[in-house]
Protein chains: 2
Amino acid sequence: MRNFIFDNPTRIIFGQGMITNIGNEVRRFGTRVLLVYGQESIKKHGIYDQVISSLNDANLSTVEFPGVKSNPVLSHALKGIELARNEDVDVILAVGGGSVIDTAKTIAVGVKADPDDDIWEFFTYKKKIRDALPVLTVVTISASASEMNPAAVITKEEDAQKFSIRSPLIQPKTSILDPTVLFSLSPAYSAYSAVDMITHMLEGYFNNSEHDSPLQNRLVEGIMKTVMESTEVILNNPENYNARANIMWSATLAFNGLTTAGMGAISLPAHMIEHSLSALYNIAHGAGLSITLPGWMKYAVHKNPAKFARLGREIFAIEETDDLTAGVEGIDRLKRWFSLIGSPTSLQEVDIPGDDIDTIAENAAVLARLWRLKDYTRNVISEILHLC
Amino acid sequence: MRNFIFDNPTRIIFGQGMITNIGNEVRRFGTRVLLVYGQESIKKHGIYDQVISSLNDANLSTVEFPGVKSNPVLSHALKGIELARNEDVDVILAVGGGSVIDTAKTIAVGVKADPDDDIWEFFTYKKKIRDALPVLTVVTISASASEMNPAAVITKEEDAQKFSIRSPLIQPKTSILDPTVLFSLSPAYSAYSAVDMITHMLEGYFNNSEHDSPLQNRLVEGIMKTVMESTEVILNNPENYNARANIMWSATLAFNGLTTAGMGAISLPAHMIEHSLSALYNIAHGAGLSITLPGWMKYAVHKNPAKFARLGREIFAIEETDDLTAGVEGIDRLKRWFSLIGSPTSLQEVDIPGDDIDTIAENAAVLARLWRLKDYTRNVISEILHLC
């Protein structure tokens, strides 16, 4: 096991009826709150009313900043920063999924930056984050784990760059997770979310600098089994509380540092390549991952067949004794499972032409350099994309 | 899944060579530190020197309070409170295992209590904890998870009562876990520690108010397998770093709230009865648990054979299809494993006469009432003790 620091102070308030606590939680950090959210859907499903009523009960003054879209963009976050500055808010509340939370985190950093700062330089690691407003969240789509981690991903649309920031300063103070808000999540987005959670864990499982780690392997396998069986339940019965609850808490644990603590440095090649798909084609992040993850796995299985075989045996009960054969069969089973739940598994399926592979690889290679993934040259990325 | 709050802000700094960070961590909370520890063993193994040197480097002024024994007692903690008051310390550092950390937590509460307060009333829940000095830890025995939870257990020796307190105020701010400090832990204490970790998890696994929870089951089973296989490794090779590291982090995760989040109320009957063994006979906590846990399991298997069968099948690969038979076989296998690693599994083995059972049951029944375990009358406890 490698040395690590596990420092995850986010307070999680989990369960049906818990959204009523958000006002008092926000009140611990300020009195004037910027409420960041996405589309009108939170109004249709009563979440908005619950939040506003709790904020009012806590005597908070609220400034609204709606309109976050999936694959959230820098230009929109910049408007949020301007609004937050003009309105002099002292705390940010995100009500939404990863896109909303990541926009809120970006605003939190931006408000405290020098007004002359180019915010994008935090994402290209040219500037270091030194201060941020406190961020709290009410989760409405579970997948990113942004509600309990210190990262945010934003796309700069004019450069088609989907980059990220990371700082303990943007770790949410409190996140409220009420599984009933997931009841109305569409089958497609429920599936994409499951893919995202699984990818978060498998990137660590396969791409860590520790040789092997029995405890972390088991944590990943246990959470992954839970995500898979619960997703199958909710696709037939979207209002199954326990299945939604298991998914919701699994999503958080899948990428809050728990499964990777002790694994050393982690690389995220499937995410890296997917960022280019989202940035160039604006497809849903999870849909992109169910294409790039199996493609990457087919590329990587030859480098560590034993570990891929372990996944196949633990998750799909594959009995084949040859590691490479078991590993390949496991990848195939995972791909079929992604199809079964309705997530695309090839570039073709989402109408991305093979001729675009060079362009995508070029885009991804920029991020590979930024993330210091030396092995992922343009040629390697292109090879992986051909396996997608 | 039941509603829950997961709020665990302890910063964990894990790994070889990490003790050098303790001075700077303590410095975040104060300048005058009470250093609580146990016996001379931390001096023999170089831990003391590392700590003192780091505290000096951070320009802290240190007051020492050694002499904590296993099954730590109130009278000793009271001396620590007096010393901390007289010396006007503003932060407490525990260097040790659960006994030392729990003493440090008790001192942290006591210093901030009214000088006229009877400290024991916090343990009998007559008084509520309203303030405490910050506590940090350097762990030298991994078992209690006290380094990452808000609880402390102390014995009031004159009444033979081993009771506990619980408050977010005594949650350690930072805990440093260096697996190399476990290299010198004796085989007996390594075994008792493993028993303690396993019991912490199985109490939640079997005694929660949620019907069943697939995610939490898998977390428990995954951590338990890791503890068992790593303990077998270190009993043959006490300086196997990875095995010690896996045990050390498993111990923390086993009782830091992770495995029980969402399970609703948890009761700890095997711990409750063990507290009486420790209080009356001063045997090691883990040694007591390897007696009371299997005894309690034999009593409880009839109430929920399916869950006991699950444990037998998952941990010991028992193939028996009848749940009760599989459950009973699992208990037997666990008991044999406790014996294999050198922990006692009967009252007889530790020379506690059968004639004492009434006295023990009477002692435990007091705690059962305090912990509101209504089903555990003196007669039920006596029945369980006869199974021990």
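Before reading further, recall that the structure is shown in the block above.
All of these numbers come straight from a predicted model, not from anything done at the bench.

1. Quick word on the interface of chain A and chain B
The interface of chain A with chain B comprises 30 residues on the first partner and 30 residues on the second. Secondary-structure elements contributing two or more residues to the side of chain A that touches chain B are strand E1 (4-6), strand E2 (11-14), helix H8 (214-236) and helix H9 (241-254) of chain A. Residues that form the side of chain A that touches chain B fall into these classes: 15 nonpolar, 9 polar and 6 charged. Summarising the sheet, E2(A) and strand E1 (residues 4-6) of chain B pair through 3 bridges and their orientation is antiparallel. Its bridge partner being in E1(B), Ile12(A) is matched across the sheet by Phe6(B).

2. Focus: the relation of the copies chain A and chain B
Between chain A and chain B, the superposition needs a rotation of 180 degrees and an axial shift of 0.0 Å, giving an RMSD of 0.0 Å. What the rotation and shift describe, once combined, is the action of a two-fold rotation axis. Residues of chain A ranked by C-alpha distance from the rotation axis are headed by Pro9(A), positioned 2.0 Å from it. Of all interface residues in chain A, 100% are interface residues in chain B too; the two copies therefore contact each other through one and the same surface.

3. Remarks on unusual backbone geometry
Residues and elements named next belong to chain A. The phi angle at asparagine 59 is positive, at roughly 60 degrees, despite the residue not being glycine. Among the structural elements, asparagine 59 can be located in the loop between helix H3 (47-57) and strand E4 (61-65). Its 9 C-beta neighbours within 10 Å are what place asparagine 59 among the exposed residues. Although it is not a glycine, asparagine 71 sits at a positive phi angle of roughly 55 degrees.

4. What about the packing of helix H10 (residues 269-281) of chain A against helix H11 (residues 285-300) of chain A?
Residues and elements named next belong to chain A. Interhelical geometry of H10 versus H11 gives an angle of 135 degrees and a closest axis separation of 8 Å. Here H10 lies oblique to H11, going by the angle between them. Note that H10 runs across H11; the crossing there is right-handed. Note on element contacts: H11 touches H10 through His285, Gly288, Leu289, Thr292, Leu293 and Trp296, opposite Pro269, Ala270, Ile273, Glu274, Leu277 and Ser278. Of the residues that constitute the contact of H10 with H11, the class distribution is 7 nonpolar, 4 polar and 1 charged.

Cut-off values and rules
Residues numbered from 1 in each chain as written. Chains lettered and ligands numbered in written order. Predicted model: local features only at pLDDT ≥ 70, side-chain atom pairs only at ≥ 80, totals over all residues. Contact = placed C-beta atoms within 7 Å. Helix = DSSP H or I, 4+ residues; strand = E, 2+ residues; numbered from the N terminus. Nonpolar A, V, L, I, M, F, W, Y, C, P; charged D, E, K, R; others polar. Pairing = 2+ DSSP bridges. Least-squares fit on C-alpha atoms with pLDDT ≥ 70 in both. Buried ≥ 20, exposed ≤ 12 C-beta atoms within 10 Å, placed from the backbone. Axes fitted to C-alpha atoms, helices over the stretch in contact; angles between N-to-C directions. Parallel < 35°, antiparallel > 145°, perpendicular 65-115°, else oblique. Left-handed = near helix turned anticlockwise from the far one by under 90°.

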